[in-house]
Amino acid sequence: MKVCYQIGRFDKDLDHELTFEIENQQFKTSLSSFALWKYFSTRNEQIDVILLYPISLFLNRLAVE
């Protein structure tokens, strides 16, 4: 099993999707780790994505807006 760690971003455009290309396949999602998850899922390989946020979600003003 694979594990993908990504530093998460916490901004207002988090739901904005980008297009990522992995081995000539395109995946449209908001984070690169989700694109990797989709890629390995198409290959029937198990992958877990763990998002790390280096800030306090409780104290972040964007979290409560």
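To be clear, the structure that these remarks concern was listed above.
Residues numbered from 1 in each chain as written. Predicted model: local features only at pLDDT ≥ 70, side-chain atom pairs only at ≥ 80, totals over all residues. Heavy atoms only, no water.

Visitor: Requested: an account of the pairing of strand β2 (residues 18–22), with residues and values cited.
Guide: Summarising the sheet, β2 and strand β3 (residues 25–29) pair through 5 bridges and their orientation is antiparallel. Pairing of L18 across the sheet is with T29, part of β3. (Pairing = 2+ DSSP bridges. Helix = DSSP H or I, 4+ residues; strand = E, 2+ residues; numbered from the N terminus.)

Visitor: Give a detailed account of the packing of aromatic side chains, specifying residues and quantitative values.
Guide: Applying the stated criterion across every chain yields a total of 2 aromatic pairs. Their ring planes at 80° and their centres at 6.2 Å tell us that F27 and Y39 sit as a pair that is edge-to-face. You can see F27 sitting in strand β3 and its partner Y39 sitting in helix α1 (residues 32–42), a full 12 residues away along the chain. Exposure class is identical for F27 and Y39. Each is buried. Judged by centre distance (5.0 Å) and plane angle (65°), the rings of Y39 and F40 are edge-to-face. With respect to burial, Y39 and F40 carry one shared label: buried. Put simply, the rings of F27, Y39 and F40 touch in pairs and so form one group of aromatic residues. (Phe/Tyr/Trp six-rings, centres within 6.5 Å; stacked < 30°, edge-to-face > 60°. Buried < 20%, exposed > 50% of the residue type's maximum accessible area, 1.4 Å probe, protein only.)

Visitor: Could you give an account of the pattern of salt bridges, naming the residues involved and the relevant values?
Guide: Going through the model one piece at a time under the given rule, you end up with 3 salt bridges. Put simply, E45 and R43 hold a salt bridge, and the shortest N to O gap is 2.9 Å. Accessibility expressed as a relative area gives 23% for E45, which makes it partly exposed. A cluster of three or more residues bridged by salt bridges with shared partners is formed by K2, E23, R43 and E45. (Salt bridge = Lys/Arg side-chain N within 4 Å of Asp/Glu carboxyl O.)

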